[in-house]
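Overview (structure and organization)
Chain by chain, the residues run as shown.
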Amino acid sequence: MRNLLARPWRFNELQKSLDGISQKVLTDSLRSMEADGIIVRTVYPEVPPRAEYSLSELGESMRPIIKSMEEWGLDYKKNM
């Protein structure tokens, strides 16, 4: 979710940016978020096929919540 707040990502880009995540866990997470309407998977008819993941309108509506959580976490870390 953090990555998708910045821009659309391809599967391999996401996997490389998330240290230690297995292909299965990432696939399951993306499918779950897609089923919940948080992200959109766009498939481009190219050879080889290319798919990008981006936030849906519902996912975008979560942006202020995630920003508030980030600010809280940074403040908490600073005051420790």
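Given the structure is predicted, the values throughout are model-derived calculations rather than measurements.

Because each turn of an α-helix spans 3.6 residues, side chains separated by three or four positions end up pointing in the same direction. Helix length check: helix H2 (residues 23–35) (13 residues) gives 18 Å between terminal C-alpha atoms against 18 Å at 1.5 Å per residue, within 8%. For H2, every residue scored as buried is listed here: Leu 26, Thr 27, Leu 30 and Met 33. For H2, the angular spread of buried residues about the axis comes to 135°, placing them on one side. Exposed side of H2, more than 90 degrees from the buried face: Lys 24, Arg 31 and Ala 35 are the residues found there.

This brings us to the sheet that holds strand E2 (residues 39–44). Ordered by their spatial adjacency, three strands build an open sheet running E1-E3-E2, and the pairing between neighbours is antiparallel. What marks the edges here is a single partner per strand, and that holds for strand E1 (9–10) and E2. Two elements, E2 and strand E3 (residues 50–55), share six bridges in a ladder whose sense is antiparallel. Among the inter-strand pairings, Tyr 44 is bridged to a residue of E3, identified as Arg 50.

Note on placement: Ser 56 falls in the loop between E3 and helix H3 (57–61). A distance of 2.4 Å separates a polar side-chain atom of Ser 56 from the backbone oxygen of Gly 37.

All right, on to the pattern of salt bridges then. Summed over all chains, the structure comprises six salt bridges. One salt bridge connects Asp 28 with Lys 24, and the closest N-O pair in it is separated by 2.7 Å. A residue pair is termed a helical-turn pair when its members lie 3 or 4 positions apart in one helix, as Asp 28 and Lys 24 do in helix H2 at four residues. One salt bridge in this structure joins Arg 50 and Glu 46, with 3.1 Å as the shortest N-O distance. Via salt bridges that share partners, Glu 46, Arg 50 and Glu 52 belong to a single interconnected network.

What counts and how
- Residues numbered from 1 in each chain as written.
- Predicted model: local features only at pLDDT ≥ 70, side-chain atom pairs only at ≥ 80, totals over all residues.
- Heavy atoms only, no water.
- Helix = DSSP H or I, 4+ residues; strand = E, 2+ residues; numbered from the N terminus.
- Expected span 1.5 Å × (residues − 1).
- Buried < 20%, exposed > 50% of the residue type's maximum accessible area, 1.4 Å probe, protein only.
- Arc of directions from axis to C-beta.
- Pairing = 2+ DSSP bridges.
- Polar contact = N/O pair within 3.5 Å; in protein donor to acceptor, adjacent residues only side chain to side chain.
- Salt bridge = Lys/Arg side-chain N within 4 Å of Asp/Glu carboxyl O.

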